[in-house]
Amino acid sequence: MPLPVISHPGYAVDIGPHVFPMEKYRLVRERLLAEGTITAEDLVQPEPVTDDDVRLAHTAEFVRKIREGRLSMAEQFTLEVPYSPALRDAMWLMTGGTLLAARLAIERQIAVHLGGGFHHAFPDHGEGFCLVNDVAIAIRMLARDGLAQRALVVDLDVHHGNGTAAIFRDEPTVFTFSMHQERNYPAWKPPSDLDVGLDDRTPDASYLAALERHLPDIVARHRPEIAFYLAGADPFERDQLGGLALSMDGLRRRDATVFRTLREAAVPVAVMLAGGYAVREDDTVEIHCNTVRVAAGTR
Ligand SMILES: [Zn+2]
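Reading the values: rules and limits
Residues numbered from 1 in each chain as written. Predicted model: local features only at pLDDT ≥ 70, side-chain atom pairs only at ≥ 80, totals over all residues. Heavy atoms only, no water. Helix = DSSP H or I, 4+ residues; strand = E, 2+ residues; numbered from the N terminus. Rg over C-alpha atoms; globule rule 2.2 N^0.38 Å. Buried < 20%, exposed > 50% of the residue type's maximum accessible area, 1.4 Å probe, protein only. Contact = heavy atoms within 4.5 Å. Areas by Shrake-Rupley, 256 points an atom, 1.4 Å probe, with all protein chains shown as cover. Lys, Arg positive; Asp, Glu negative; His and termini not counted. Charge placed at Lys NZ, Arg CZ, Asp CG, Glu CD. Axes fitted to C-alpha atoms, helices over the stretch in contact; angles between N-to-C directions. Parallel < 35°, antiparallel > 145°, perpendicular 65-115°, else oblique. Left-handed = near helix turned anticlockwise from the far one by under 90°. 1 Å grid on protein atoms, 1.4 Å probe; cavity = no way out; pocket = protein on both sides within 12 Å on 5 of 7 lines; lining within 4 Å. Points joined across faces, edges and corners; volume = space filled by probe spheres on them. Nonpolar A, V, L, I, M, F, W, Y, C, P; charged D, E, K, R; others polar. Pairing = 2+ DSSP bridges.

### A look at the overall build of the protein
In terms of helices and strands, the protein carries ten helices and eight strands. Taking 299 residues into account, the globule formula puts the C-alpha radius of gyration at 19 Å, and the protein, at 17 Å, falls close to it. Over its C-alpha atoms, taken along the principal directions, the protein stretches across nearly 45 × 40 × 40 Å. Taken across its 299 residues, the protein has 59% of its residues classed as buried. Sequence separation of at least 24 residues holds for 76% of the intrachain contacts in the protein that already meet a minimum separation of 6. Surface exposure of the protein reaches about 11400 Å², of which carbon and sulfur atoms provide 53%. Computing the positive centroid from 31 side-chain charges and the negative centroid from 43, the protein places the two 2 Å apart.

This is the structure we're talking about:
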């Protein structure tokens with residue numbers, strides 16, 4: 001059975017000159033299609049979520065501010081991307097993609113979203129390029145719709161999943177696991193259910209050992225019905241915003257370890273791209289493509 005891959009041309013928004021490579025969403029899709037890892041028939045396009053859906057993880061006041069374009073200068077400064085109605089629409093659409101990936105994962109064991117992973121968004125504000133927390137909204141929608149109550153977030157972006165940790169702090173049904181560079185953004189790291197803060201320049205071997213040490217145990221103890229995997233490309237050794245030292249092969253082995261661990265425990269997994277700011281944009285695209293190649297190979 002083919003790997004469901006969720007993607008939409010509407011994800012790319014003009015944010016001007018910026019370290020965030022908006023065009024990666026298109027470039028990853030085009031490379032995977034060109035090489036035959038996926039076919040046009042594997043691609044599924046999402047519908048946007050509604051304001052009611054977004055309010056499952058965000059305050060009514062914050063959603064109203066976004067809807068009316070009333071974010072203050074201070075709020076836009078914290079967000080670190082320029083607000084526009086186009087950005088709002090793209091994020092509503094991308095959150096729909098995250099939800100669709102989860103729904104397809106529940107049916108098919110694994111689905112990949114060529115987008116998503118905006119883990120720095122809090123209930124009442126966005127920050128660090130993240131306007132709204134797509135994964136948190138999707139988790140709450142799955143619970144609301146009776147599709148899954150127990151969720152696991154495996155956040156392997158180089159940055160701590162602060163927004164996700166804050167949203168689910170008092171929710172025992174959702175286990176948040178973040179493995180990140182300790183001395184990096186965000187300065188304030190509200191506790192996840194398990195935080196593994198790594199030293200600067202942590203290489204492949206110790207990174208993979210830490211993953212093997214923690215993930216199988218988390219899965220066995222929490223027994224999730226669905227896992228969301230934030231497969232950030234920014235633990236890469238040549239990332240502009242990251243300070244770990246994983247090689248491209250190490251990142252590929254990271255992905256394989258996550259997929260194998262979840263498959264062995266029969267936990268469906270929805271994959272998000274999350275961050276990636278390699279000096280060469282092509283490396284970011286290649287790391288994300290590797291995640292999809294490994295996912296396709298697990299089937
Ligand atoms: Zn990141």
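### With respect to the packing of helix H1 (residues 24-35) against helix H10 (residues 281-297)
Two numbers describe how H1 lies on H10: the axes approach to 9 Å, and their chain directions differ by 55 degrees. Viewed along their axes, H1 and H10 adopt a mutual orientation that is oblique. In the crossing of H1 with H10, the sense of the turn from one axis to the other is right-handed. Facing Lys 24, Leu 27, Val 28, Arg 31, Leu 32 and Glu 35 of H1, the residues of H10 in contact are Glu 281, Asp 282, Thr 284, Val 285, Glu 286, His 288, Cys 289, Val 292 and Arg 293.

### Quick word on the layout of surface pockets
Over the atoms a probe the size of a water molecule is rolled, and this reveals where empty space is left. The space that makes up the largest pocket amounts to roughly 200 Å³. Residue composition of the lining of the largest pocket, by class: nine nonpolar, seven polar and three charged.

### Quick look at the sheet that holds strand S8 (residues 269-272)
Pairing within the open sheet is parallel, and its eight strands lie in the order S2-S1-S3-S8-S7-S4-S5-S6. Edge positions in the sheet fall to strand S2 (43-44) and strand S6 (194-198), since each has one partner strand and no second. Pairing between strand S1 (residues 5-6) and strand S3 (residues 110-113): two bridges, direction parallel. Bridging from a neighbouring strand, Val 5 pairs with Val 112 of S3. Strands in contact with helix H9 (residues 248-264) are S3, strand S4 (151-155), strand S7 (226-230) and S8; relative to S7, the strand with the most contacts, it is inclined by about 180 degrees.

Fair warning: the whole summary comes from geometry, so function is off the table for now.
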